[in-house]
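Spelled out from the first residue to the last, the chains are:
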Protein chains: 2
Amino acid sequence: MPEYQDIIEAYHRINDYINKTPVITSRTLNKKTEADIFLKCENFQRVGAFKMRGAVNALSQMSEEQKNKGVITHSSGNHAQAIALSAKLLNIHATIVMPRTSPKVKIRATRDTYDAEVVLCEPTLEARQTTTQNLIDKHGYTLIHPYDNENVIAGAGTAAYELLNQVKELEMIFAPIGGGGLMSGTSIATKGFDPGIQVIGVEPENVNDAYRSLQSGKIQKNETINSIADGLLTNLSERTFSILQKNVDQIITISEQQILDATRFIWERMKLVVEPSGACSLGGVMSKEIPIKGKRIGVIISGGNVDLSHLFEKYENLIN
Amino acid sequence: MPEYQDIIEAYHRINDYINKTPVITSRTLNKKTEADIFLKCENFQRVGAFKMRGAVNALSQMSEEQKNKGVITHSSGNHAQAIALSAKLLNIHATIVMPRTSPKVKIRATRDTYDAEVVLCEPTLEARQTTTQNLIDKHGYTLIHPYDNENVIAGAGTAAYELLNQVKELEMIFAPIGGGGLMSGTSIATKGFDPGIQVIGVEPENVNDAYRSLQSGKIQKNETINSIADGLLTNLSERTFSILQKNVDQIITISEQQILDATRFIWERMKLVVEPSGACSLGGVMSKEIPIKGKRIGVIISGGNVDLSHLFEKYENLIN
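Residues numbered from 1 in each chain as written. Chains lettered and ligands numbered in written order. Predicted model: local features only at pLDDT ≥ 70, side-chain atom pairs only at ≥ 80, totals over all residues. Heavy atoms only, no water.

## Observations regarding the overall build of chain A
Put simply, the rule reads: A helix here means a DSSP run of H or I that spans at least four residues, while a strand means a run of E at least two residues long, and both kinds are numbered starting from the N terminus. All radius of gyration figures rest on C-alpha atoms, and the globule criterion is 2.2 Å times the number of residues raised to 0.38. The cut-offs for exposure are 20% and 50% of the maximum accessible area for each residue type, with area from a 1.4 Å probe on protein chains only; residues under the lower value are buried, those over the upper are exposed, and the others partly exposed. Working rule for contacts: check all heavy atoms of both residues, and any pair within 4.5 Å makes them a contact. In short, Shrake-Rupley with a 1.4 Å probe defines the accessible areas, and a residue's cover is counted only from the protein chains shown.
Counting secondary structure elements, chain A contains 14 helices and 10 strands. Compactness check: chain A gives a C-alpha radius of gyration of 19 Å against a globular reference of 20 Å for 320 residues, within 12% of the reference. Projected onto its principal axes, the C-alpha coordinates of chain A cover approximately 55 × 55 × 40 Å. With 320 residues in all, chain A has 58% of them scored as buried. By sequence separation, contacts in chain A at least 24 residues apart represent 72% of the contacts at least 6 residues apart. When the accessible surface of chain A is split by element, carbon and sulfur atoms take 45% of a total near 12,900 Å².

Here it is, written out as structure tokens:
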């Protein structure tokens with residue numbers, strides 16, 4: 001399990017490769033919640049999500065031999081982009097296994113912007129895993145798991161660490177939970193910084209495996225993946241489960257409507273492009289399930305990658 | 001014509017009522033333009049646009065008698081919202097004349113969020129002016145023009161003044177031109193701060209009255225209002241024309257596609273919600289019509305009010 005010290009070391013290790021992201025506040029939000037809310041805007045991070053922190057931290061700690069052989073991951077999401085860009089910056093060969101049904105724009109971005117090798121496979125979990133394993137067997141690539149990895153977790157924790165050093169006297173920190181990597185890192189950073197700060201996880205009601213896992217004391221799986229928070233559909237691993245058990249004060253779950261309302265609030269009122277997964281943490285704050293009145297609250301906005309082609313097609317039609 | 005000193009005084013006068021907006025940078029943008037670009041994000045201003053600065057500055061300088069009688073404006077755009085909120089903060093009665101075809105959400109926001117009196121009229125310029133004049137005659141309201149007003153111009157200039165104090169050694173400042181209020185204030189602030197800084201105005205090709213006015217030496221009118229930059233459709237006034245003639249180094253015009261490309265870049269890559277009018281200044285930078293290589297460039301992003309209901313309806317359909 002990563003320690004607080006690992007997060008501090010990770011922060012200095014990755015510092016030249018990541019953005020120090022701004023903290024944004026809103027009078028309207030503070031008035032609405034009757035609290036002082038500080039949004040840690042990882043949507044402004046490179047590749048548009050906190051995932052860059054864990055990816056750089058993991059890749060830069062590989063052995064020379066591993067670096068020479070290259071890295072691999074299977075994902076079509078933010079983690080894949082983060083691995084691809086980190087590998088490019090560190091001169092490591094990266095292979096990204098993606099379902100052949102992935103949006104072309106995503107495949108192109110991964111290939112062209114980040115120079116990664118994209119290998120397409122059938123759109124099933126089994127095909128992804130088999131394809132990945134075959135490539136590992138053949139080339140000796142190192143697999144970087146999106147969250148079940150100590151260095152990825154330590155890297156993810158640097159967002160909260162940075163926030164705690166940007167904004168003094170926070171009393172609570174909210175973060176979203178998917179596989180638990182961000183939540184694990186956030187909780188280690190926060191409790192290491194000051195054990196008195198409350199750490200709150202927020203999960204969609206529809207994919208509440210972490211909530212049920214902590215309630216029952218053993219890992220529970222999601223039965224559906226039916227949420228607009230498409231970055232939070234994964235299950236905890238043993239590693240992230242045990243970190244959350246130790247460090248997280250409370251997990252709350254919110255409805256799809258609450259996720260959407262928080263997302264819309266951030267777009268319309270705060271003028272930030274965030275993904276629904278990234279807005280979940282604020283959805284938890286706005287749900288008022290936890291008394292927050294008068295408190296200073298840090299909120300990790302985890303990312304801002306959404307498909308805007310629909311919106312811009314409307315504009316294209318207007319001008320053509 | 002407002003002087004540099006008027007802008008400094010305006011800045012101190014309005015300081016408690018406005019947001020000090022952040023300056024956002026992007027590695028990708030700097031790489032793409034081969035320059036150091038600093039976006040002054042007035043989309044984060046109260047009511048979502050720089051208009052708040054001019055409105056507060058104008059209203060707070062009214063006489064006690066004028067304040068007691070109230071203010072009026074006819075607009076369905078950012079200026080109306082800015083007048084309504086400023087009036088609320090300063091305890092002044094505000095009347096906003098809006099076409100009865102305005103989006104309901106806008107009418108509601110003006111009425112409910114800002115407590116302004118909304119008077120609906122037929123959707124013609126003549127009806128707006130007649131309705132407004134009748135109300136002035138009856139109640140003695142003071143009309144606050146959206147840009148043909150010295151105090152509004154001085155207030156608008158505080159955005160550039162703030163930027164020049166946030167980012168040192170800027171060599172150029174780009175701002176969009178509609179009626180010329182923002183451009184006037186920006187140019188006075190910039191030339192007052194340091195006459196060596198180049199001031200560049202950006203206008204949509206389709207509504208290039210300012211460009212033609214400066215070329216010909218006399219005010220030209222727009223023949224169409226056919227641009228997605230719907231905040232830039234207005235014509236210069238004598239006042240803003242003479243300020244631009246004196247202070248602006250160059251006006252460049254960009255196509256609708258260039259406006260859209262800049263807007264999309266800011267949304268997708270920088271994760272900021274901006275309106276097409278607000279992105280025009282960056283569109284001018286990205287057009288490379290002016291040599292910018294290696295330069296430090298300030299760019300005023302004027303606002304971020306766009307109708308997102310279409311986008312969120314898609315999400316609503318997903319979850320219901």
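Next comes the rest of the description.
## Comments concerning the interface of chain A and chain B
Accessible area lost upon the coming together of the parts is a frequently used measure of interface size. Where we set the bar: Buried area counts how much accessible surface, traced with a 1.4 Å probe, disappears from two parts once they are put together, with both parts' losses summed. For this analysis, a salt bridge means a side-chain nitrogen from Lys or Arg found within 4 Å of a carboxyl oxygen belonging to Asp or Glu. Polar contacts here mean pairs of N or O atoms no more than 3.5 Å apart (in protein, one a potential hydrogen donor and the other a potential acceptor; neighbouring residues in sequence count only if both atoms are side-chain atoms).
Residue-level contacts link 40 residues of chain A with 40 residues of chain B. In this assembly, chain A packs against chain B so that about 3,500 Å² is buried in total across both faces, 64% of it on carbon and sulfur atoms. Counting the surface chain A buries against chain B, the share from its top three residues, Arg27, Lys271 and Phe312 of chain A, is 21%. Taken together, the connections running from chain A to chain B amount to zero salt bridges. Linking chain A to chain B there are 11 residue pairs in polar contact (both at pLDDT 80 or more).

## A short note on the packing of helix 1 (residues 4–14) of chain A against helix 3 (residues 51–59) of chain A
Residues and elements named next belong to chain A. Counted only if it meets this: Helix axes use the C-alpha atoms of the stretch in contact, all axes being lines fitted to C-alpha atoms, and the angles between their N-to-C directions lie in the range 0 to 180 degrees. In these notes the angle categories are as follows: under 35 degrees is roughly parallel, over 145 is roughly antiparallel, 65 to 115 is roughly perpendicular, and the rest is oblique. Each residue gets one of three labels, nonpolar for Ala, Val, Leu, Ile, Met, Phe, Trp, Tyr, Cys and Pro, charged for Asp, Glu, Lys and Arg, and polar for the others, Gly among them.
The geometry of helix 1 relative to helix 3 is characterised by a closest axis approach of 9 Å and an angle of 90° between their N-to-C directions. In terms of orientation, helix 1 lies roughly perpendicular with respect to helix 3. Contacts between helix 1 and helix 3 involve Ala10, Tyr11, Arg13 and Ile14 from the first element and Arg53, Val56 and Asn57 from the second. Here the residues of the contact of helix 1 with helix 3 are counted per class, giving four nonpolar, one polar and two charged.

## Concerning helix 10 (residues 181–193) of chain B
Residues and elements named next belong to chain B. Put simply, the rule reads: To estimate the expected span of a helix, subtract one from its residue number and multiply by 1.5 Å.
Taking 1.5 Å of rise per residue, the 13 residues of helix 10 would be expected to cover 18 Å, and the 18 Å separating its terminal C-alpha atoms lies within 8% of that figure. Summarising burial for helix 10: 11 of the 13 residues are buried, a large majority. Here helix 10 has its buried residues at Gly181, Leu182, Met183, Ser184, Gly185, Thr186, Ser187, Ile188, Ala189, Thr190 and Lys191.

## Let's talk about the pattern of salt bridges
Residues and elements named next belong to chain A. Under the criterion given, the structure shown has 24 salt bridges over all chains. Across the salt bridge formed by Arg53 and Glu42, the nearest N and O atoms sit 2.7 Å from each other. A residue pair is termed long-range when its members are at least 10 positions apart, and Arg53 in helix 3 and Glu42 in the loop between strand 2 (36–41) and helix 3 qualify at 11 residues. Of the two residues examined, Arg53 and Glu42, each falls in the buried class. Here Glu150 ties to Arg239 by a salt bridge, and the two come within 3.7 Å at their closest N and O atoms.

## Re unusual backbone geometry
Phi is positive for Glu169 of chain A, close to 60°, though the residue is something other than glycine. Mapped onto the elements, Glu169 of chain A comes out in the loop between helix 8 (150–166) and strand 7 (172–176).

## Some thoughts on the sheet that holds strand 5 (residues 117–121) of chain A
The cut-off we apply is this: At least two DSSP bridges between two strands are needed for those strands to be called paired.
The sheet built from four strands is open, its strands ordered 5-4-3-6 (chain A) with parallel pairing. In the strand order of this sheet, the two ends are held by strand 5 and strand 6 (142–143) of chain A, each with one partner.

## Focus: the packing of aromatic side chains
As a reminder, the rule being used: Stacked, tilted and edge-to-face are the three classes assigned to paired rings of Phe, Tyr and Trp, where Trp is represented by its six-membered ring and a pair needs centres within 6.5 Å; plane angles under 30 degrees give stacked, over 60 edge-to-face, the rest tilted.
Across all of its chains, the model carries nine aromatic pairs over all chains by this definition. For the pair Phe312 of chain A and Tyr315 of chain A, a centre-to-centre distance of 5.9 Å together with 40° between the ring planes defines the contact as tilted. Remark: Tyr315 of chain A and Phe312 of chain A occur in helix 14 (residues 309–319); sequence separation between them is three residues, near one turn of the helix. We classify Phe312 of chain A as buried; its relative accessible area is 0%. Plain terms: the ring middles of Tyr11 of chain B and Tyr161 of chain B are 5.3 Å apart, the flat faces sit at 65° to each other, and that makes the pair edge-to-face. Residue Tyr11 of chain B is found in helix 1 (residues 4–14), and its partner Tyr161 of chain B is found in helix 9 (residues 158–166); the two are separated by 150 residues along the sequence. By relative accessible area, Tyr11 of chain B is classed as buried at 11%. What makes Tyr161 of chain B buried here is its relative accessible area of 11%. Aromatic rings pair up to connect Trp267, Phe312 and Tyr315 of chain A together with Trp267, Phe312 and Tyr315 of chain B into one cluster.

## Observations regarding the pairing of strand 9 (residues 250–254) of chain A
Residues and elements named next belong to chain A. When you tally the buried positions in strand 9, you get four out of five residues, the bulk of the element. Alignment of strand 8 (residues 198–204) against strand 9, held across five bridges, turns out to be parallel. In the strand pairing of strand 9, Gly201 is matched with Ile251.

## Structural notes on the confidence of the model for chain A
Test applied: The predictor rates its confidence in each residue with pLDDT, a number between 0 and 100.
Looking at chain A, the pLDDT average stands at 95 and 100% of residues meet or exceed 70. Two summary scores accompany this predicted model of the complex, namely pTM at 0.95 and ipTM at 0.94.

## What to know about the pairing of strand 10 (residues 296–301) of chain B
Residues and elements named next belong to chain B. Extensive coverage of strand 10 is indicated by the burial of five of its six residues. Note: strand 7 (residues 172–176) against strand 10, three bridges, orientation parallel. If you follow Met172 over to strand 10, its bridge partner there is Ile297.

## Considering the nonpolar core
We apply this condition: Remark: nonpolar core denotes a set of buried residues (Ala, Val, Leu, Ile, Met, Phe, Trp, Tyr, Cys) joined through side-chain atoms within 4.5 Å.
In this structure, Leu39, Trp267 and Leu272 of chain A together with Leu39, Trp267, Leu272 and Leu282 of chain B are the most contacted members of the largest nonpolar core, which totals 82 residues. Sort the elements by how many residues they give to this core and helix 13 (residues 256–270) of chain B lands first, with seven residues. Leu272 of chain A has contacts with Ile24, Leu39, Cys41, Asn43, Phe44, Ile266 and Trp267 of chain A together with Phe44, Lys271 and Val273 of chain B, leaving out every residue within four places of it along the chain.

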